[in-house]
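# Chain and residue survey
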Amino acid sequence: MKLSVKIAGVLTVAAAAMTAKMYSTAKGNHLKTHTFPLSKMKGKPPLTIFFISDIHKRLIDQDLLEKARSHAPHLVIIGGDLAEGGVSSTRIEENIKRLAAIGVPVVFVWGNNDYEVRQHELYSIFKVHGVITLRNESVPFSYKGHTIGIAGVDDIRMEMDHYEEAIKELDKSQLNILVCHNPEIHEQINEADGIDAIFSGHTHGGQIRFGKFGPYELGKTGMIKNAAYLISNGYGTTKVPLRLGAEPETHIVTLCAPE
């Protein structure tokens, strides 16, 4: 009996230590940098983007934003799940204020959890802070005398997506960025669509992984159908405020001409 009690005690302490580690991991502030060489960037100066997705309940760290600002991004993209049910409009607005304070345009696409909060409150916050919202549509974006296209596809899980509508106004001869919360958008694009870079989140990298095993793959970059892509582990957590083997991350992505 005494041995079993001791074993139970050891297991309890180990579980508590593991939980504390997972909680600490989930509070991390990591800024990853990536370079995407793209042929359509020939003759154009590099374009730098700060990308953040899956914020959920977190308050974005100011030091992290200062690090992002030091890279002099031309654009901020929020890749969905800015919030979720139970997140106050005050918290949502504070995060938008902090992102807008970087001093460049902010673009937002919806994730599935963004539909859990009052939509009129979201729109009100976006309007006050000049956030560009994309729901199955595209906008031109100009920097240093050059123009690119940015298309945003609404959430796939909520069956709000309409990819063809989102890209119909894009000029295939210019550089085009596609943003969709769910990386399943990869299955919808075609090489002839003129998409050059794709930004997504949603998966949290599995959030809690045991070695190679998790509900989703880790976030990554790569190429698909002639487009460079980024799938982010995301910044926040959902359901439980814990991470294991899939640290939170935000990104500085530089689009440039191949050498």
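Relevant structure appears above.
Residues numbered from 1 in each chain as written. Predicted model: local features only at pLDDT ≥ 70, side-chain atom pairs only at ≥ 80, totals over all residues. Heavy atoms only, no water.

What the chain contains, in helices and strands, is five helices and 12 strands. In terms of overall size, the chain behaves like a compact globule, its C-alpha atoms giving a radius of gyration of 20 Å where 259 residues would be expected to give roughly 18 Å. Seen through its principal axes, the chain has C-alpha atoms that stretch 75 × 40 × 40 Å. Here the chain, with 259 residues, has 49% of them falling under the buried criterion. Considering only intrachain contacts with a sequence separation of at least 6, the fraction spanning at least 24 residues in the chain is 73%. When the accessible surface of the chain is summed, it comes to about 12200 Å², and 55% of that surface belongs to carbon and sulfur atoms. Where the 28 positive side-chain charges of the chain centre and where its 29 negative ones centre are 9 Å apart. (Helix = DSSP H or I, 4+ residues; strand = E, 2+ residues; numbered from the N terminus. Rg over C-alpha atoms; globule rule 2.2 N^0.38 Å. Buried < 20%, exposed > 50% of the residue type's maximum accessible area, 1.4 Å probe, protein only. Contact = heavy atoms within 4.5 Å. Areas by Shrake-Rupley, 256 points an atom, 1.4 Å probe, with all protein chains shown as cover. Lys, Arg positive; Asp, Glu negative; His and termini not counted. Charge placed at Lys NZ, Arg CZ, Asp CG, Glu CD.)

Okay, the pattern of salt bridges next. Tallied over the full model, the rule gives nine salt bridges. With a shortest N-O distance of 3.2 Å, K40 and D196 are connected by a salt bridge. Residue K40 is found in the loop between strand 1 (31–37) and strand 2 (47–52), and its partner D196 is found in the loop between strand 8 (176–180) and strand 9 (197–200); the two are separated by 156 residues along the sequence. (Salt bridge = Lys/Arg side-chain N within 4 Å of Asp/Glu carboxyl O.)

By way of backbone hydrogen bonds, the strands of a sheet pair with one another, either parallel or antiparallel. Strand order in the open sheet made by the six strands is 1-12-2-3-4-5, with mixed pairing throughout. In this open sheet, the two edge strands, each paired with only one partner strand, are strand 1 and strand 5 (132–134). Averaged over all adjacent pairs, the angle separating strand axes in this sheet is 25 degrees, with direction ignored. In this sheet, strand 12 (residues 250–256) lies alongside strand 2 in antiparallel orientation, the contact comprising five bridges. (Pairing = 2+ DSSP bridges. Axes fitted to C-alpha atoms, helices over the stretch in contact; angles between N-to-C directions.)

Taken N-terminus to C-terminus, the directions of helix 3 (residues 89–100) and helix 4 (residues 119–128) make an angle of 30 degrees; their axes are 10 Å apart at the nearest point. Taken as axis vectors, helix 3 and helix 4 run roughly parallel relative to one another. Read as a crossing pair, helix 3 and helix 4 show a hand that is right-handed. For the pair formed by helix 3 and helix 4, the contact residues are S89, I92, E93 and I96 on the first element and E121, L122, I125, F126 and V128 on the second. When its residues are assigned to classes, the contact of helix 3 with helix 4 shows six nonpolar, one polar and two charged. (Parallel < 35°, antiparallel > 145°, perpendicular 65-115°, else oblique. Left-handed = near helix turned anticlockwise from the far one by under 90°. Nonpolar A, V, L, I, M, F, W, Y, C, P; charged D, E, K, R; others polar.)

Turning to helix 4, a few remarks are in order. Every buried residue of helix 4 is accounted for by L122, I125 and F126. In an axial view of helix 4, the angular spread of the buried residues amounts to 100 degrees, which keeps them on one side of the axis. Away from the buried face of helix 4 by more than 90 degrees, exposed residues H120, K127 and V128 are located. Contact partners of the buried residues in helix 4: helix 3, strand 4 (106–109) and strand 5. Within two residues after helix 4, G130 carries a phi angle of roughly 70 degrees, on the positive side. (Arc of directions from axis to C-beta.)

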